[in-house]
Amino acid sequence: YTYHSNFMLKIEGTALWGNVDYNSPSGVLNGIPDAMYEIRGLAGYDIPVQSSAITPYFGFGYRYLSDDSSGKTTNLGLKGYLREISYQYMPLGVTGVTKLDNGWAVDGNIEYDIFLRGDVNTHLSDVSPLVPDVTNSQSSGYGVRGSIDISKKYGQFTYVVGIFDRYWNIDRSDDTVFSVRGVGVFTLYEPKNNSNEVGLNFGVRF
């Protein structure tokens, strides 16, 4: 939902889910349920430029990812477990809209996401009740996203088609040391990782 009247206020929500395949030295495991939820609040100010408008903005975002291989076993006989990852970040970006003839318009967006904090909850107890669940903190990284849309207004509705790219690069987490009775002491961390979402966007504005 977006409100524009010189000032811009926007709230966005995203929900994605599906299955992923896993391949590592631990073995192969297909059909792992994955889900991602994100909510963002943004505020900005419209700057008119002839037939265009530029809107710098900032805000706050929260992103949650669930990767649940609990109850599943790799082809090498190793058990899976639930992983939950959450990000808190500050979006800084700019949106530009150019109005064309006959209700057509082109708008683009570029954004840099300042990573504030991340937590990785690894449910190792899914493997064995003797193993504790472990939480690792992430403190550095960044995100970048952008999009280009073409829209056409018909009556009270505006139909939109476009492309988007959303990229995250997160540094290695801190180490968490834990012990397993009768086995020993272990160190767990979330390695440096990145993700990239690229897709097409179809929508209706009203």
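Source: prediction; values computed, not measured.

If you tally the helices and strands in the chain, you get zero helices and 13 strands. Listed by position from the N terminus, the elements making up the chain come as β-β-β-β-β-β-β-β-β-β-β-β-β. For a compact globule of 206 residues, the expected C-alpha radius of gyration is about 17 Å, and the chain comes in at 21 Å, more than 25% above that figure. Considered along the principal axes of its C-alpha atoms, the chain spans approximately 75 × 30 × 25 Å. Within the chain, the proportion of its 206 residues that are buried is 33%. Carbon together with sulfur atoms contributes 59% to the accessible area of the chain, which is approximately 12500 Å² in total. Charge separation in the chain, taken as the distance between the mean sites of 16 positive and 22 negative side-chain charges, equals 3 Å.

We now examine the environment of Leu-76. Looking at where Leu-76 falls in the secondary structure, it is placed in the loop between β5 (52–68) and β6 (82–99). Judged by its relative accessible area of 54%, Leu-76 is exposed. As for Leu-76 and Ile-11, which are separated by 65 residues in sequence, their C-alpha atoms are 45 Å apart. Beyond its immediate chain neighbours, meaning those up to four positions away, Leu-76 contacts Pro-25, Ser-26 and Gly-27.

The computed volume of the largest pocket comes to approximately 1900 Å³. Lining the largest pocket we find 48 residues, and of these Thr-2, Lys-10, Asp-107, Asp-149 and Arg-205 sit closest to its centre. Residue contributions to the lining of the largest pocket peak at eight residues, all from strand β2 (residues 7–24). A per-class count over the lining of the largest pocket returns 17 nonpolar, 18 polar and 13 charged. By volume, the second largest pocket amounts to about 1000 Å³. Those elements giving two or more residues to the lining of the second largest pocket turn out to be β2, β3 (27–45), β5, β6 and β13 (193–205). Element by element, the count of residues in the lining of the second largest pocket is highest for β2, at seven residues.

Conventions we followed
Numbering of residues starts from 1 in each chain and follows the order in which that chain's sequence is written. Restriction of local features to residues with pLDDT of at least 70 applies here, the model being predicted, together with a cutoff of 80 or more for giving and counting side-chain atom pairs; totals for whole chains, interfaces and linings are based on all residues. Working from all heavy atoms in the structure, the side-chain values ignore hydrogens and water. Numbering goes from the N terminus for both helices and strands, where a helix is a DSSP run of H or I of at least four residues and a strand is a run of E of at least two. Note on method: radius of gyration uses C-alpha positions; expected globular size equals 2.2 Å times residues raised to 0.38. Type-normalised accessible area, obtained with a 1.4 Å probe on protein chains alone, sets the label of each residue: buried when under 20%, exposed when over 50%, and partly exposed for intermediate values. Every accessible area reported is derived by Shrake-Rupley at a probe size of 1.4 Å, with residue values counting cover from the shown protein chains alone. Counting rule for charge: Lys and Arg are taken as positive, Asp and Glu as negative, and neither His nor the chain ends is counted. By convention, charge coordinates are those of NZ in Lys, CZ in Arg, CG in Asp, or CD in Glu. Any two residues whose heavy atoms approach within 4.5 Å are treated as being in contact. Every definition here rests on a 1 Å grid over the protein atoms only: cavities are sets of points where a 1.4 Å probe fits but cannot get out, pockets are open sets enclosed by protein on both sides within 12 Å along at least five of seven lines, and lining residues have some atom within 4 Å of a point. Grid points are joined across faces, edges and corners, and a volume is the space filled by probe spheres set on the points. Three categories are distinguished: nonpolar for Ala, Val, Leu, Ile, Met, Phe, Trp, Tyr, Cys and Pro, charged for Asp, Glu, Lys and Arg, and polar for the others, with Gly belonging to the last.

All we've got here are geometric facts, nothing functional implied.
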